[in-house]
Amino acid sequence: MDAQSYLPVQPGVGMEENFLSLDDILLSHERLPIRTECVFPRLGFLEKSSDSQDIPEGTKMELPLWLSKGLYERKRRVLSVELPKVYREGWRTVFNADPNVVDLHKMGPYYYGLGSQMLHFDSPENPEIGQTLLQTFIGRFRRTMDSSQNAYNEDTSALVERLDCLEKTLFKSGQSGLNGFQSWEKGQASQLTASSLVLNYRKRKMTDVQP
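Rules behind the numbers
- Residue numbers here run from 1 along each chain, matching the order of that chain's written sequence.
- The predicted origin of the model limits local features to residues at a pLDDT of at least 70 and limits the giving and counting of side-chain atom pairs to 80 or more, whereas totals for whole chains, interfaces and linings rest on all residues.
- The basis for every side-chain value is the complete set of heavy atoms in the structure, and neither hydrogens nor water enter the calculation.
- Patch criteria: residues need more than 30% relative accessible area and no salt bridge. Like-charged residues are merged within 9 Å; nonpolar side chains of Val, Leu, Ile, Met, Phe, Trp and Tyr are merged within 5 Å.
- All accessible areas in this document rest on Shrake-Rupley with a 1.4 Å probe, and a residue is counted as covered only by the protein chains that are shown.
- Any carboxyl oxygen of Asp or Glu that lies within 4 Å of a side-chain nitrogen of Lys or Arg is treated as forming a salt bridge with it.
- Here a helix means four or more residues in a row that DSSP labels H or I, a strand means two or more in a row labelled E, and each is numbered from the N terminus.
- Under the pairing criterion, centres of Phe, Tyr and Trp rings, with the six-membered ring standing for Trp, must be within 6.5 Å; the plane angle then separates stacked pairs below 30 degrees from edge-to-face pairs above 60, leaving the rest tilted.
- Note on classification: 1.4 Å probe, protein chains only; a residue is buried when its accessible area is under 20% of the maximum for its type, exposed when over 50%, partly exposed between these limits.
- Helices are assigned an expected span. That span is 1.5 Å times one less than the residue count.
- Two residues form a contact once any of their heavy atoms are found within 4.5 Å.
- In protein, a polar contact means a hydrogen-donor-capable atom and an acceptor-capable atom, both N or O and within 3.5 Å, with residues adjacent in sequence counting only if both atoms are side-chain atoms; elsewhere, any N or O pair within 3.5 Å suffices.
- Among buried residues, the Ala, Val, Leu, Ile, Met, Phe, Trp, Tyr and Cys ones that are joined through side-chain atoms within 4.5 Å form a nonpolar core.
- Domain limits in this description derive from either an automatic procedure or a database domain assignment.

1. A closer look at a nonpolar patch on the surface
(1) Moving on: A contiguous nonpolar surface patch, about 290 Å² in accessible area, is contributed by Phe 19, Leu 22 and Ile 25.
(2) Moving on: Structurally, the position occupied by Phe 19 is in the segment before α1 (22–27).

2. Details of the packing of aromatic side chains
(1) Moving on: As enumerated under the stated definition, the model contains eight aromatic pairs in all.
(2) Moving on: Relative to Tyr 111, the ring of Tyr 87 has its centre 5.4 Å away and its plane inclined at 15°; by these criteria the two rings are stacked. Residue Tyr 87 is found in the loop between β3 (79–81) and α3 (89–97), and its partner Tyr 111 is found in helix α5 (residues 111–118); the two are separated by 24 residues along the sequence. An identical accessibility class is assigned to Tyr 87 and Tyr 111; each is buried.
(3) Moving on: Seen in terms of ring centroids, Tyr 111 and Tyr 112 are 5.2 Å apart; in terms of plane orientation they differ by 70°. Their pairing is edge-to-face. Here the two residues Tyr 111 and Tyr 112 agree in accessibility, since each one is buried.
(4) Moving on: Clustering of aromatic rings is evident, with ring pairs tying together Tyr 87, Trp 91, Phe 95, Tyr 111, Tyr 112, Phe 137 and Phe 141.

3. A look at helix α8 (residues 165–185)
(1) Moving on: Taking 1.5 Å as the rise per residue, α8 with 21 residues should run 30 Å; its terminal C-alpha atoms sit 30 Å apart, in good agreement.
(2) Moving on: Within α8 the residues assigned to the buried category are Cys 165, Glu 167, Phe 171, Gly 174, Gln 175, Leu 178 and Gln 182.
(3) Moving on: On its buried side, α8 packs onto α1, α4 (104–107), α5, α6 (126–149) and α7 (157–160).
(4) Moving on: Residue Asp 164 occupies the N-cap position of α8, its side-chain oxygen lying 2.6 Å from the main-chain nitrogen of Leu 166.
(5) Moving on: Phi for Gly 187, located one or two positions after α8, is positive at around 75°.

4. Comments concerning the nonpolar core
(1) Moving on: Formed by 27 residues in total, the largest nonpolar core has its most connected members in Leu 32, Ile 34, Val 81, Tyr 87, Tyr 111, Met 118 and Phe 121.
(2) Moving on: Every element with two or more residues in this core is listed here: β1 (31–36), β2 (60–64), β3, α5 and α6.
(3) Moving on: For this core, the leading source of residues is α5, giving four residues.
(4) Moving on: Domain assignment of the residues forming this core places at least three in each of domain 1 (7–82) and domain 2 (85–188).

5. Topic: unusual backbone geometry
(1) Moving on: In the segment running from Gly 108 into Pro 109, the intervening peptide bond is cis, with an omega of 15°.
(2) Moving on: By the secondary structure assignment, Pro 109 is in the loop between α4 and α5.
(3) Moving on: For Arg 42, which is not glycine, the phi torsion reads 60° and is therefore positive.
(4) Moving on: Turning to its location among the elements, Arg 42 is positioned in the loop between β1 and β2.
(5) Moving on: The class of Arg 42 is exposed, set by a relative accessible area of 60%.

Here you go:
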């Protein structure tokens, strides 16, 4: 029996979410700046700066991502969501110039995840946001993986403290692969095992062929 009490669940990809993932649960509580487009009756207690029983139309406040997505409707305007500053044009210019100079952990730490979720909300800037997310990931990927492969048995805290949550996962995967290879090369590993991705693929194939 596996002694590990919790098996990590990977977060969703892109605009999808996996609510069995702790990372996605934490991401869903990221707060977004919103503006109410109608009166919210008997919800004045949510706005601490007001003594009113209701939240009036035009109120600017912050709501968690999960609630903003739940209230947002394209046809019936209940609220409008403003872009967090890190996804606005000024910061997009910085990312497009050199994404490696930015401390993504300080900006997020769910830069890619939250940026992908922002595409749920109608905005004329969505194509630019999506392109910046992609180019930022591509621009930082090689440096992240190179760092993970050149830090064998070293303190990596300084290397990962500037990384986004997704990048930290990639960094750990790279280090795990490097450590496994080093152990095998030194004869310290009893056998090479298939990766979890391969095993899960085999399980799905077996399920597909079963009557």
